[in-house]
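Tertiary structure, described
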Amino acid sequence: MDSGRPPHPGRIVVVDVANNTREDRPASEFPASIAYARTAGGQLIPVVRLEIYRTSSEARISSYGENGDLLSSTVQFPTSGAS
């Protein structure tokens, strides 16, 4: 384990909001860049819940910590083919 990383509780709940599904997965299945979020002050916080909301035009992924605080949110847009 990276000495700068706090221990992870071990599980991440992945919620697909559009499909109303939940999956409880081992945190070890995720890269550290998803299993942990970095605060503005540089502190690493374990992510215990990911909420994914997909539409035809975007995907939004929000990460939450143990206390329910929103740690990060990312919006992805599909890329078009090469022109």
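Further up the page is the structure itself.
Residues numbered from 1 in each chain as written. Predicted model: local features only at pLDDT ≥ 70, side-chain atom pairs only at ≥ 80, totals over all residues. Heavy atoms only, no water.

Moving on to the sheet that holds strand β2 (residues 21-26). Spatial ordering of the open sheet is given by β2-β1-β5-β6-β7, a layout of 5 strands whose pairing is mixed. Strands at the two margins of the open sheet, each flanked by one partner only, are β2 and β7 (70-76). Across the sheet, the axes of successive neighbouring strands diverge by a mean angle of 15°, strand direction being ignored. Examined bridge by bridge, strand β5 (residues 49-54) and strand β6 (residues 59-64) share 6 bridges and lie antiparallel to one another. In the strand pairing of β6, Leu 50 is matched with Ser 63. (Pairing = 2+ DSSP bridges. Helix = DSSP H or I, 4+ residues; strand = E, 2+ residues; numbered from the N terminus. Axes fitted to C-alpha atoms, helices over the stretch in contact; angles between N-to-C directions.)

One recurring pattern in soluble globular proteins: nonpolar side chains tend to sit buried together. Residues Ile 12, Val 14, Ala 27, Phe 30, Ala 35, Tyr 36, Ala 37, Leu 44, Val 47, Leu 50 and Ile 52 constitute the largest nonpolar core, which totals 11 residues. Within the residue set of this core, elements represented by two or more residues are β1 (11-16), β3 (36-38) and β5. Among all residues touching Phe 30, those that are not within four sequence positions of it are Ile 12, Val 14, Arg 25, Ala 35 and Leu 50. (Core = buried A, V, L, I, M, F, W, Y, C linked by side-chain atoms within 4.5 Å. Buried < 20%, exposed > 50% of the residue type's maximum accessible area, 1.4 Å probe, protein only. Contact = heavy atoms within 4.5 Å.)

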